[in-house]
Protein chains: 2
Amino acid sequence: MEEMPPGYRFYPTEEELVCFYLHSQLEGRRMSEINRVIPLLDIYRFEPWQLPKQCGELCYGDPEQWFFFVPRQEREVRGGKPSRTTASGYWKATGSPSYVHSATGKVIGVKKSMVFYKGKAPIGKKTKWKMNEYKAIKQDYPTSVPQLRHELCLCRVYVVSGSLRAFDRRPLVTEMSTSSREIATRIV
Amino acid sequence: MEEMPPGYRFYPTEEELVCFYLHSQLEGRRMSEINRVIPLLDIYRFEPWQLPKQCGELCYGDPEQWFFFVPRQEREVRGGKPSRTTASGYWKATGSPSYVHSATGKVIGVKKSMVFYKGKAPIGKKTKWKMNEYKAIKQDYPTSVPQLRHELCLCRVYVVSGSLRAFDRRPLVTEMSTSSREIATRIV
């Protein structure tokens, strides 16, 4: 990995996340290799801004997004609700869960989105930290109702930025007070 | 490269494109390695939809974007305007050129965006094929007006998709007529 040319990075599709990484981890396949990319971590023991340093060694330095396998909590195993509280705030679901599809249109998983709030629920202050939580659907489920694999989920943590893509960087205050129109005529 | 785990792909920042790839090619450094990622091609000899097959071998199969170094045309060298016409249509600039910035906010290049139209100018029909054309700024330019390196540009060709990111695939017609709200209650 260290020999990759510049510009190569971990930028997976949702299908790769669910069908390769999540299923491999669930089934215990190629764990040592996989956990160098996506480690297993109880992310709720950390504040969101502590998570980038916890990411997989093969993703280290990614400024944009960080991936983790998150085990089901004990309280959830016993039938309770998961606790998504950290020392300084809490993660709260936003929007509705949605299906994750393969390239061929097959339903392969479910995605929940969450936002981190600082302070105590329900009056915490919304932050720019977000998360997508993926769960896999049992392969070859026999009923018409898809069954989820609850024992493990895959989380993508990221920071909402102003631009669509953090890679196309634009400084908030441009160093030259020049409009794009002027650029067109000035550059020779 | 063939041994990379799933999800690793060429997904460069604009800074990597300009500072590493474009400058390396301009200065003739590490060409054999670099051209396996981004080949030199007169892209106007091809229709846009023929370009994905012409991309660098280390990017082969990328469904989202394709990169090429494009040499300056002879007519431009002689002082004329570049011709961006293909057999079936033409590329036309859209919007204004803009600066490309490094992570530290330094101006490192200029980006032009183009759209492909089918038919004859100026009455061609707009398509979903787009392109960003990057030119590097001469390093250590002495004047206050940045000087562009016109002899070569780097083009990113892509197809405008409905979603922000082609990787998060959503079928246009969902196979189940289920709203997200229903999913939340149905999945067990």
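Within each chain, residues carry numbers counting from 1 in the order of the written sequence. To label them, take the chains in the order written and letter them from A, then take the ligands in the order written and number them from 1. Selection of residues for local features in this predicted model requires a pLDDT of at least 70, selection of side-chain atom pairs for listing and counting requires 80 or more, and totals for whole chains, interfaces and linings are taken over all residues. The side-chain figures draw on all heavy atoms in the structure; neither hydrogens nor water molecules are used.

If you check an unreviewed UniProt entry, chain A appears there as NAC domain-containing protein from Handroanthus impetiginosus.

Colleague: Could you clarify how one ought to interpret the overall build of chain A in this entry?
Modeller: Every helix listed is a DSSP run of H or I at least four residues long, and every strand listed is a run of E at least two residues long, numbered separately from the N terminus. Counting secondary structure elements, chain A contains four helices and six strands. Helices and strands appear in chain A in the N-to-C order β-α-α-β-α-β-β-β-β-α. Any pair of residues with heavy atoms lying within 4.5 Å of one another is described as a contacting pair. Nonlocal contacts in chain A, meaning residues at least 24 apart in sequence, comprise 59% of its contacts between residues at least 6 apart. When the accessible surface of chain A is split by element, carbon and sulfur atoms take 52% of a total near 10000 Å². Here the open area of atoms and residues is found with the Shrake-Rupley method and a 1.4 Å probe, where only the protein chains shown may cover a residue.

Colleague: Whenever I open this one, the pairing of strand E5 (residues 125-136) of chain B confuses me. Can you help?
Modeller: A regular strand carries its side chains on alternate faces of the sheet. Residues and elements named next belong to chain B. Pairing of strand E4 (residues 107-118) with E5 involves nine bridges; the strand directions are antiparallel. What sits directly across from lysine 112, in E5, is glutamate 133. What makes two strands pair is DSSP finding at least two bridges between them. Connecting the antiparallel pair E4 and E5 is a turn made up of six residues, with glycine 119 showing a positive phi of about 105°.

Colleague: I tried to follow the pattern of salt bridges on my own but got confused; where do I start?
Modeller: Pairing between side chains becomes possible if they bear opposite charge and their charged atoms approach one another. The salt bridge definition used is simple: a Lys or Arg side-chain nitrogen within 4 Å of an Asp or Glu carboxyl oxygen. Under the criterion given, the structure shown has 18 salt bridges over all chains. One salt bridge connects glutamate 33 of chain A with arginine 30 of chain A, and the closest N-O pair in it is separated by 3.0 Å. Think of it in three bands: residues with accessible area under 20% of the maximum for their type are buried, residues over 50% are exposed, and the middle band is partly exposed, with areas taken using a 1.4 Å probe on protein chains only. On the basis of relative accessible area, arginine 30 of chain A is assigned to the partly exposed category, the value being 47%. We note a salt bridge from arginine 149 of chain B to glutamate 151 of chain B, for which the minimum N-O separation is 2.9 Å. A residue is classified by how much of its surface remains accessible, and arginine 149 of chain B, at 16% relative accessible area, is buried. The exposure class of glutamate 151 of chain B is partly exposed, given its relative accessible area of 36%. Each of Glu27, Arg29, Arg149 and Glu151 of chain A takes part in salt bridges that share partners, so that together they form one network.

Colleague: How do you make sense of the nonpolar core when you look at a structure like this?
Modeller: Where a protein is soluble and globular, its nonpolar side chains tend to be buried together. In plain words, nonpolar cores are sets of buried Ala, Val, Leu, Ile, Met, Phe, Trp, Tyr and Cys residues tied together by side-chain atoms within 4.5 Å. Of all hydrophobic cores here, the largest spans 78 residues; its most connected members are Tyr21 of chain A together with Tyr21 of chain B. Ignoring any residue separated from it by four or fewer positions in sequence, one finds tyrosine 21 of chain B in contact with Pro5, Pro6 and Tyr8 of chain A together with Phe10, Glu16, Ile34, Val37, Ile38, Phe69 and Leu154 of chain B.

Colleague: Would you mind showing me how to read the side chain of arginine 84 of chain B here?
Modeller: Residues and elements named next belong to chain B. Note on placement: arginine 84 falls in the loop between helix H3 (74-77) and strand E3 (89-101). Overall, arginine 84 belongs to the buried group, its relative accessible area being 17%. Looking at arginine 84, its side chain comes within polar contact range of the side chain of tyrosine 44, at 3.2 Å. Distance and chemistry together define a polar contact, namely a pair of N or O atoms within 3.5 Å, with one atom able to donate a hydrogen and the other to accept it when in protein, and with adjacent residues in sequence counting only for side-chain atoms on both sides.

Colleague: Honestly, the packing of aromatic side chains in this entry has me stumped. Any pointers?
Modeller: The description of an aromatic ring pair rests on the distance of the ring centres and on the angle between the ring planes. Pairing of aromatic side chains here covers Phe, Tyr and the six-membered ring of Trp, requires ring centres within 6.5 Å, and sorts the geometry by plane angle: under 30 degrees stacked, over 60 edge-to-face, intermediate tilted. This model, assessed by the stated rule, comprises 19 aromatic pairs over all chains. Measuring from ring centre to ring centre gives 5.5 Å for phenylalanine 10 of chain A and tyrosine 21 of chain A, while their planes differ by 80°; the resulting arrangement is edge-to-face. Taken together, the positions of phenylalanine 10 of chain A in strand E1 (residues 8-10) and tyrosine 21 of chain A in helix H1 (residues 14-26) put the pair 11 residues apart, joining distant regions of the chain. Both residues of the pair, phenylalanine 10 of chain A and tyrosine 21 of chain A, belong to the buried class. One aromatic cluster is present, formed by Tyr8 of chain A together with Phe10, Phe20, Tyr21 and Phe67 of chain B through successive ring pairs. Either the NZ atom of lysine or the CZ atom of arginine qualifies as a charge over a ring when it sits within 6 Å of the ring centre and within 35 degrees of the ring normal. A cation over an aromatic ring shows up here: arginine 156 of chain A above the ring of tyrosine 158 of chain A, its NZ or CZ 4.2 Å from the ring centre.

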